[in-house]
Each structure stands twice: as structure tokens, then as C-alpha cells.
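# A closer look at the structure
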Amino acid sequence: MDAPKPTRHRIVIVGGGAGGLPLAARLGDKLGRRGRAEITLVDRYATHLWKPLLHEVAAGRLDADVHGVDYLALAYWHHFRFRQGTVAGLDRARHELMLDAVYDDDGALMLPRRTLRYDTLIFCVGSVSNDFNVPGIAAHAISLDVLADAERFHRRLLAACVRADAEAAAGSPTGVNIVIIGAGATGVELAAEIRHTTGAHASYGLDYLDPEKDIRQTIVEAAPRILPQLSEHVAEAATGLLKKLDIDVRTGERVTLVDEHGVHTASGATYRADLVVWAAGIKAPDWLVDLGGLETGRGNQLVVTTTLQTTRDADVFAFGDCAACPWPEAGRAGALVPPRAQAARQQALLLVKSMQARLAGAPLPTFHFRDLGSLVSLGELSAVGSLMGRLIGGSLLIQGLIARWMYASLYKLHQVAILGYVGVALDTVGRFLSRRTTPRVKLH
Ligand SMILES: Cc1cc2nc3c(=O)[nH]c(=O)nc-3n(C[C@H](O)[C@H](O)[C@H](O)COP(=O)(O)OP(=O)(O)OC[C@H]3O[C@@H](n4cnc5c(N)ncnc54)[C@H](O)[C@@H]3O)c2cc1C
């Protein structure tokens, strides 16, 4: 009789985003390819788009059809399995993860409800916007949580511009009022991007609309200054650049209601709006609370130790935006690793080592976040931010083209992790060559 086939260690990664996808690709290359472990990636969608690009999709600078990557193709190239589905439950005692059924666009069943068995389970399901129960957000504002939100905003922006152009042609110009709630990186980047792309849109047939004058943008922020998570220097520089772009910034204004007329604040002000974006805070998804009895903290994040293991189950890991990971190096009591793509990327790299150590029965390495600084993009040719490093002895303010180039390099690093250096080089050349045959902005 044949000896029973040894079962391979099953690693299930839930969430193929900024952290989960590079992790699956590396583990697939290192462990899956050699048959040392079976790597499965689960995501609710069939294609991946790097989340920090969503504001560019919303403004129309980036076409998601061109930049999205199919998980199934990546799975094939990197020796992991891909399973589409959303998490429906977790049975930790049986080491089982339940996935909901998947339906196609017409509502027909594509995949039934399924159960995946795991030896190691890793959650990296990201975050969603937190509306802090402000009334009217769901009905009257858009948050940039997923690609569909960004595309919906873009379609509305185009429609509002075309409408305003027709009104101007008929002699009664009203323009377009856009209010962005929240002056964190997402809100600031979106406002700058819209200023640049609407200018380009106008050159493709909006004959009567003057984008600089007729498209009015306001950023409303409750904190006393913009970019509250970044240093004052960066905020000051960004404020100056927003001013140059004619973007009205209202700080110290707490939004209390959004309705069909616009945005209302605690001070009694009303900002008239045709389009409202909510970008004033994030939380981990609500469904994580009580999932399989795992511990969650403020903002629904799964509480993890410095090995990125959840506090109640050493077989379940979490990282990225959905995890509350201690950051002792920050020097503040209770500080947590910030929800950023660079943190998710660093944690993914650590987990590649952790999984190898786990298979070898060795102790797991611990995570130490290295804050490399933060950059805020203010359009195609400009960015502002701070670089952190021991060599420069702290934080250095950078701006302009160099900052913009460094901002873009974070995406390139992500692409390298999933497409390889040759793939990224070919992709970049291909995009450069196709510039002459595609409009500068997305027109539909
Ligand atoms: C407009 C914008 C700009 C940003 N710019 C920057 C920046 O410049 N620099 C920076 O460091 N950070 C930036 N961020 C933050 C950055 O995007 C996040 O910190 C980062 O994406 C977190 O990575 P993650 O892997 O934890 O989650 P994500 O990248 O969000 O990935 C989560 C994945 O989980 C999947 N998922 C979610 N729920 C389920 C479910 N129930 N079942 C199955 N799959 C699920 C999602 O489909 C997604 O693929 C930006 C964010 C936004 C919105």
C-alpha cells in the first residue's frame, strides 16, 4: 500500500491588496513553486488595482481597465491559487474559513458558498471609510473605498462638467461645486488631481466651461490644519500649493450634515455642492468584529502582536490597514503602525520570512516599522512630503518633481513585487508608446 501523501501546509491569505498580493506572489514563488506549502489568495474581486491609485481613477487620469491586473493570471505566474469570494465566517476550532457564494452581474450564481481549510490564515482586508454616523453621507457623498466608487465619482464629475458646459453655452453658467470632506492625504490628492484633469477634459470639447473659474473646489477639515497626520512643514507647503491651484481650504469646520443642498458644518456654514466626497477617516471593516472570537480594537482592527499573530490565535495573522500592530519605536504609549501602503508592504516582506520560519519550526521574527516618510501627490508634476532616515538625521521636507518621482516609485515597487523588473520595464515602455494614441484623461 502506498504511504499516505503528506499534506502540504495550507496558507490562506484573505485580501489581495497592497499587502496581500505581494505576500501571495512571494510565498508562491518561494514555497508554492517548490511544493513546500499550498498558498491560496482570496479576494472579493477578480482583478486588483493598487488602492493609492483610486483618486487618480476618480479624477480621470488613470484608466483602471489598463492598470488593473487579473488575480488568476498572477496566481498562474506566481504559483498560488486564487479563490474569489467574500468572507462569510470563521471556525477556528476546525481551521475553516467560509466564503460566500459569488454571483455574476446578472445575478446568476457563479460560485456556491465554500469552505477553505487552512493551517495558517492571514487577514489583510484593508479598511473602509468611517462616516462617524454623520447623517447624509451614504445618500449624498461618495467615499473612495473601492474601484467602483472611484469610477462612479468620475462618471458624475464628467456629467457635471458636460451639464455645466451646456448651461454656459445657453448663457446661464452655474459651474460645478465640489466639496471634499477631510484634508488628509486622500482629500488633498484628489482635489489637486481634479484641478489638473478637468483642465485637460475641457480641451477635449468643453467649449464654454472655464475649468479654473467654473469648477470650484472646497476642502472642509475639522482639524485646525490640513494633513493632520503629517508634519507642520509638509502641511504648510501643501497649503501653499493648494492655494496656487485655487482650491479653497476651510479648516476647523466640523461637518454635521450632508444633504441635497450641500455640506453643513457645526459653525452654521453651508457649502453648496454638486459633488461631495467623504475622505475624513477610515476603519477596518465592521464584519471583523467578533469574527471567530478574534480580538478587535478601536476602529474594528484585529489586535496583533509584533509577530503579526492575532492575540487569541497563533495560527491567525493580520496585517495592513485591518490590523492594530504595536509601534513601540514611535515613542508614544499605545502607538500603532499607521494604515499606509508602505507599512503593509513592510509587513508582507516580514511575513514571507515568518512563513518560512513557521514551516521550519523556528521562532517568528518581529515587526519593526521603518517610517520612510510620507508623500502627498499634487498632480502629475508635483508632490510634497517628508523623507525620514537615519542618514539625514530625522525628517527632510521635499517637494516638486523629485518628490513626485519618489511618490510614483512606491507604486513601481508594488508592481515589481507582482510583475517583476522585466514586466514593469515592458509595461512602462508600452504605456509610453501608447501615449500618442490615447487621450491624456479618461473621457467616459
Ligand atoms: C486615494 C488613496 C490614496 C492613498 N495614498 C497612499 C499613499 O500615497 N501612500 C501610502 O502609503 N498609502 C496610501 N493610501 C493608503 C493605502 O491605500 C492603504 O494603506 C493600503 O492599501 C493598505 O493595504 P492593505 O493590504 O491593508 O489593504 P488594501 O490594499 O485595501 O487591500 C485589501 C484587499 O482586501 C480585499 N477585501 C476586502 N474585504 C474583503 C472580504 N470581505 N473578503 C475578501 N476580500 C476582501 C479588497 O478587495 C482588497 O483587495 C491611500 C489610500 C487611498 C484610498
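The rules we used
Residues numbered from 1 in each chain as written. Predicted model: local features only at pLDDT ≥ 70, side-chain atom pairs only at ≥ 80, totals over all residues. Heavy atoms only, no water. Helix = DSSP H or I, 4+ residues; strand = E, 2+ residues; numbered from the N terminus. Buried < 20%, exposed > 50% of the residue type's maximum accessible area, 1.4 Å probe, protein only. Contact = heavy atoms within 4.5 Å. Areas by Shrake-Rupley, 256 points an atom, 1.4 Å probe, with all protein chains shown as cover. Lys, Arg positive; Asp, Glu negative; His and termini not counted. Charge placed at Lys NZ, Arg CZ, Asp CG, Glu CD. Salt bridge = Lys/Arg side-chain N within 4 Å of Asp/Glu carboxyl O. Pairing = 2+ DSSP bridges. 1 Å grid on protein atoms, 1.4 Å probe; cavity = no way out; pocket = protein on both sides within 12 Å on 5 of 7 lines; lining within 4 Å. Points joined across faces, edges and corners; volume = space filled by probe spheres on them. Polar contact = N/O pair within 3.5 Å; in protein donor to acceptor, adjacent residues only side chain to side chain. Nonpolar A, V, L, I, M, F, W, Y, C, P; charged D, E, K, R; others polar. Domains from an automatic or database assignment. Axes fitted to C-alpha atoms, helices over the stretch in contact; angles between N-to-C directions. Buried area = accessible area lost by both parts, 1.4 Å probe. Near = heavy atom within 4 Å. Parallel < 35°, antiparallel > 145°, perpendicular 65-115°, else oblique. Left-handed = near helix turned anticlockwise from the far one by under 90°.

## Quick notes on the overall build of the protein
A tally of regular secondary structure across the protein gives 11 helices and 27 strands. In terms of overall dimensions, the protein has a C-alpha envelope of 90 × 50 × 45 Å along the principal axes. Counting all 444 residues of the protein, 49% fall into the buried class. In the protein, of all internal contacts separated by at least 6 residues, the share reaching a separation of at least 24 is 64%. Taken as a whole, the protein presents about 21600 Å² of accessible surface, with 54% of it coming from carbon and sulfur. Computed over 48 positive and 46 negative side-chain charges, the inter-centroid distance for the protein is 7 Å.

## Let's talk about the pattern of salt bridges
Using the criterion set out here, one finds 15 salt bridges in the structure. Of the charged contacts, one joins aspartate 119 and arginine 10 as a salt bridge, the two residues approaching to 3.1 Å between their closest N and O atoms. One end of the pair, aspartate 119, is in the loop between strand 10 (114–117) and strand 11 (120–123); the other, arginine 10, is in strand 1 (residues 9–14), and 109 residues separate them in sequence. Owing to a relative accessible area of 22%, aspartate 119 belongs among the partly exposed residues under this scheme. In the salt-bridge network here, residues are joined through shared partners; they are Arg8, Glu38 and Arg81.

## Things to note about the pairing of strand 10
In strand 10, alternate side chains face the same way, and those of Arg114 and Leu116 are buried while those of Thr115 and Arg117 on the opposite face are not. Looking at chain direction, strand 7 (residues 96–99) and strand 10 are connected through four bridges and run antiparallel. When the bridges of strand 10 are listed, glutamate 96 appears paired with arginine 117.

## Considering the layout of surface pockets
Put simply, the second largest pocket is a space of about 1500 Å³. Those elements that provide at least two residues to the lining of the second largest pocket are helix 3 (64–67), helix 7 (185–203), helix 9 (232–244) and helix 11 (401–434). If you tally residues by element for the lining of the second largest pocket, the top one is helix 11, at 13 residues.

## Here's the deal with the side chain of serine 129
When you line up the elements, serine 129 lands in strand 12 (residues 128–129). Polar contacts involving the side chain of serine 129 include one to the side chain of serine 143, which spans 3.1 Å. If sequence neighbours within four positions are ignored, serine 129 has contacts with Ser143, Asp145, Trp278, Gly281, Ile282 and Lys283.

## Topic: empty space enclosed by the protein
One pass over the structure, following the stated rule, counts two cavities of 30 Å³ or more. In this structure, the largest cavity occupies an estimated 70 Å³ of space. Counting residues per element, the lining of the largest cavity draws most heavily on helix 10 (residues 341–360), at four residues. Here the residues of the lining of the largest cavity sort into eight nonpolar, one polar and two charged. In this structure, the lining of the largest cavity is formed jointly by two domains, domain 1 (9–127 + 284–368) and domain 3 (370–438), each of which donates at least three residues. A volume near 40 Å³ is recorded for the second largest cavity. As for the second largest cavity, its lining consists of Ala18, Trp50, Ala341, Arg345, Leu410 and His414. Elements that contribute at least two residues to the lining of the second largest cavity include exactly helix 10 and helix 11. Here the lining of the second largest cavity is composed, by residue class, of four nonpolar, one polar and one charged.

## Some thoughts on the sheet that holds strand 22 (residues 309–310)
The strand order 5-2-1-11-23-22 describes an open sheet built from six strands, whose pairing is mixed. The open sheet is flanked by strand 5 (81–84) and strand 22, the only strands paired with a single partner. As defined by bridge partners, strand 22 adjoins strand 23 (residues 313–318) across two bridges and the pair is classed as antiparallel. Across the sheet, the residue bridging to glutamine 309 is phenylalanine 317, located in strand 23. Running at roughly 160° to strand 23, helix 10 makes contact with strand 1, strand 2 (37–43), strand 11, strand 22 and strand 23 of the sheet.

## Quick look at the domain arrangement of the protein
Under the domain assignment used here, the protein contains domain 1 (9–127 + 284–368), domain 2 (137–281) and domain 3 (370–438). Here the C-alpha centroids of domain 2 and domain 3 sit 25 Å apart. Listed by partner, the interface residues are 15 residues for domain 2 and 13 residues for domain 3. Taken over both partners, the interface formed by domain 2 and domain 3 buries close to 1000 Å², and the fraction arising from carbon and sulfur atoms is 70%. Three residues stand out in domain 2 for area buried against domain 3, namely Glu189, Val234 and Leu241, and they jointly supply 43% of the buried area on that side. Here domain 2 and domain 3 share zero salt bridges between them.

## Thoughts on the site of the ligand
Of all residues adjacent to the ligand, which total 31 residues, the nearest are Gly19, Asp43, Arg44, Asp321 and Ala341. In this structure, alanine 18 approaches the ligand through a main-chain N or O atom, which is 2.9 Å from an oxygen atom. One nitrogen or oxygen atom from the side chain of arginine 44 is found 2.9 Å from an oxygen atom belonging to the ligand. Contact with the protein chains hides 90% of the accessible area of the ligand, taken as 1000 Å² for the molecule alone.

## Comments concerning the packing of helix 4 (residues 71–78) against helix 11
Their axes nearest at 12 Å, the elements helix 4 and helix 11 cross at an angle of 60°. In terms of orientation, helix 4 lies oblique with respect to helix 11. When the axes of helix 4 and helix 11 are compared, the crossing they make is left-handed. Contact residues: Leu74, Trp77 and His78 in helix 4; Ala417, Ile418 and Leu419 in helix 11. Here the residues of the contact of helix 4 with helix 11 are counted per class, giving five nonpolar, one polar and no charged.

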